[in-house]
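# A structural walkthrough
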Amino acid sequence: MVTILDYGAGNLTSVRHAFERLGERPEVIASAAEWRGGPLVFPGVGSAASGMAAVRARGFDALLRAAAASGTPVLGICLGMQLLLERSEEDGGTAGLGLIKGACVAFDPAKAPGAKVPHMGWNTVAPAAHPVLEGLGEEAFYFVHSYFARPAEARDALGTTDYCGERFASVVGRGSLVATQFHPERSGAAGARLLANFLRWEGR
Amino acid sequence: MLLKRLVVCLDVRNGRVTKGVRFEANADVGDPVALAARYCREGADEVVFYDITASAEGRPCDLEMVARAARELSVPFTVGGGIRGPEDMRAALLAGADKVSLNSLAVASPEILEAGARAFGRQCVVLGMDVKKVPPSAAIPSGYEVVTHGGRRPAGLDAVAWAREAARRGAGEICLNAIDTDGVREGYDLEITRRVSEAVPVPVVASGGAGEPRHLAEALTLGRADAALVASMVHTMGYSCQDIKRALREQGIPVRLSP
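Everything quoted here is computed from the prediction, not taken from an experiment. (Residues numbered from 1 in each chain as written. Chains lettered and ligands numbered in written order. Predicted model: local features only at pLDDT ≥ 70, side-chain atom pairs only at ≥ 80, totals over all residues. Heavy atoms only, no water.)

This brings us to the nonpolar core. Counting 82 residues, the largest nonpolar core has F49, F77, L102, M129 and L216 of chain B as its most contacted members. Each residue touching F49 of chain B, except ones within four places of it in the same chain, is listed here: L10, V12, P32, V33, A36, M65, A69, L73, F77, T78, V79 and G80 of chain B. The next biggest cluster of nonpolar side chains, apart from the first, holds 31 residues, and it includes V2, V41, A190 and L194 of chain A. (Core = buried A, V, L, I, M, F, W, Y, C linked by side-chain atoms within 4.5 Å. Buried < 20%, exposed > 50% of the residue type's maximum accessible area, 1.4 Å probe, protein only. Contact = heavy atoms within 4.5 Å.)

Going through the model one piece at a time under the given rule, you end up with 33 salt bridges over all chains. Measuring nitrogen to oxygen at the nearest pair gives 3.3 Å for the salt bridge that ties R194 of chain B to E198 of chain B. Remark: E198 of chain B and R194 of chain B occur in helix α7 (residues 190-199); sequence separation between them is 4 residues, near one turn of the helix. For R194 of chain B, a relative accessible area of 29% corresponds to the partly exposed category. Overlapping salt bridges bring together E153, R155, D156 and R174 of chain A as one network. (Salt bridge = Lys/Arg side-chain N within 4 Å of Asp/Glu carboxyl O. Helix = DSSP H or I, 4+ residues; strand = E, 2+ residues; numbered from the N terminus.)

A separate point is the packing of helix α6 (residues 159-169) of chain B against α7 of chain B. Residues and elements named next belong to chain B. Following both chains from N to C, one finds α6 and α7 inclined at 30°, their axes separated by 9 Å at the closest point. Note that α6 runs across α7; the crossing there is right-handed. Counted together, A159, V160, A163 and R164 of α6 and I192, R195, V196 and A199 of α7 form the full contact between these two elements. Considered class by class, the residues forming the contact of α6 with α7 number 6 nonpolar, no polar and 2 charged. (Axes fitted to C-alpha atoms, helices over the stretch in contact; angles between N-to-C directions. Left-handed = near helix turned anticlockwise from the far one by under 90°. Nonpolar A, V, L, I, M, F, W, Y, C, P; charged D, E, K, R; others polar.)

Excluding glycine, most residues fall at negative phi; most peptide bonds, likewise, are trans. Along the chain, V117 of chain A connects to P118 of chain A via a cis peptide bond; the corresponding omega equals 10°. By the secondary structure assignment, P118 of chain A is in the loop between β7 (100-106) and β8 (119-124). A positive phi angle, close to 50°, is found at C164 of chain A, a residue other than glycine. Here C164 of chain A lies in the loop between β12 (157-163) and β13 (166-174). Taking the relative accessible area as the measure of exposure, C164 of chain A reaches 5% and is therefore buried. Despite not being glycine, R185 of chain B shows a phi value in the positive range, around 65°.

The next thing to look at is the interface of chain B and chain A. Contact with chain B, which involves 32 residues of that partner, is made by 25 residues of chain A. Taking both sides of the interface into account, the surface hidden between chain B and chain A amounts to around 2200 Å²; carbon and sulfur atoms contribute 55%. Interface area lost by chain B to chain A is led by L2, S74 and Q123 of chain B, which between them contribute 25%. Joining chain B to chain A, the criterion identifies 2 salt bridges. Between D226 of chain B and K116 of chain A there is a salt bridge, with its nearest N and O atoms 3.2 Å apart. Between the two partners, chain B and chain A, sit 12 residue pairs in polar contact (both at pLDDT 80 or more). (Buried area = accessible area lost by both parts, 1.4 Å probe. Polar contact = N/O pair within 3.5 Å; in protein donor to acceptor, adjacent residues only side chain to side chain.)

Residues and elements named next belong to chain B. Its place among the elements puts T181 in the loop between β9 (173-178) and α7. T181 gets classed as buried once you look at its relative accessible area, which sits at 17%. Reaching out from T181, the side chain makes a polar contact with the backbone oxygen of G208 at a distance of 2.8 Å. Residue contacts for T181: discarding those within four places in its chain leaves G187, Y188, D189, G208 and G209.

Our focus in this paragraph is α6 of chain B. Residues three or four positions apart in an α-helix share a direction because the helix packs 3.6 residues into each turn. Residues and elements named next belong to chain B. Three or more residues of α6 are buried, namely A159, V160, W162, A163, A166 and A167. Take α6 and look down its axis: the buried residues cluster within an arc of 165°, on one side only. For α6, the N-terminal cap is D158; the gap from its side-chain oxygen to the backbone nitrogen of V160 is 3.1 Å. Backbone geometry just after α6 places G170 at a positive phi near 145°. (Arc of directions from axis to C-beta.)

All names here are of chain A. Taking every second residue as pointing to the same face, both faces of strand β14 (residues 177-180) are buried, with L177 and A179 on one and V178 and T180 on the other. In this structure, strand β4 (residues 74-77) lies alongside β14, joined through 4 bridges in parallel fashion. Bridge pairing in β14 places I77 opposite T180. Where β13 meets β14, 4 bridges bridge the pair, whose relative direction is antiparallel. Looking at β14, one finds that R174 is bridged to L177. Remark: 2 residues form the turn of the hairpin made by β13 and β14, two consecutive strands paired antiparallel; G175 in that turn has positive phi of roughly 55°. (Pairing = 2+ DSSP bridges.)

This is how it looks when you write it as structure tokens:
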């Protein structure tokens, strides 16, 4: 059974419904102690500093570290993805969980005149070979964000997207962690496919 | 590449879709959520539910409907109508809406845009603006004035200046509806669409006047809009979202084809 981490993130309801549409009955937990095993979903909408503070307050930082160490599948979404990295430029610099090496940096509108920030709307993702991206060609997914992941190691980028003068990592992953900058819960059939793949994945 | 969006608008009156719709054989035809789900399956990128009786009745938008939409739709959706302040915005977002559209309230109390952006993030805050062509003047240099109450009440604001101010205050997107072309089906007002799109650093949704796919293509190219909103084209005129998307793709406009 899939478990969704509730730390006050705005898209928790949408994420839960997306799994329900796949016939799942996700467990939603508000503290690490409630976890009873199985894959974890780390959602998120909001700012890095307040998100990270809430993650720590609920003990989810330790839970996610333990999951990464034990090979438990974890799906990060949007802010949930960004917090897996070592740090974010947002809010004057925020330390993340450091489970994936690298940082989150802001789009620079000066790099692409006319590009609007936040990056909002449907954009295409060029996927690498990974079980969670199986069956997905160069599909469009729904994005809403102003910061993007810059993983330190190229192999941690599992999907790339072009925007605002950048080719950025829109999917990152390492070991049993996989995370998307876009919102699979709001990305139609392609998003549903990704979530269904995650449910089948054993984290290897 | 960032794709251009097709947005379908549903006007809701007392929980039902008001305008005639083309799926007469479907028993669910008047149910906004069932209809929206159908448009999503056909390729709509986004849905707007506009509760047109909420304001007059002094109540917030129908939260039960919002919650149902959140369960059934797998694309983002906006709700508008009847929002009285930050608490109504919070309720709509907690019920599962992705964005809230503010129109008359933003004109009357522009600080709601800052409050909304601060509390929920600017990506949740859509400024809906209705504009009407007027002779250019010192107060309205663009020749387009903001109007409220279905076009009956001039707000005394210049459309371009208001769009700029709203984006500066916290609107993360602007849905621009041209009253003169709305419902006429002869195309969007490309001039004001282009002027607002060029004036603001946030996405602009063109609204009012779509009658055929060519009109959307014009709004997304000549009008520089990021998204185009349709209502009667898909409700009554027999176009499917997929037809429109294919026509846009044939015009070289990047759109999402697989729903």
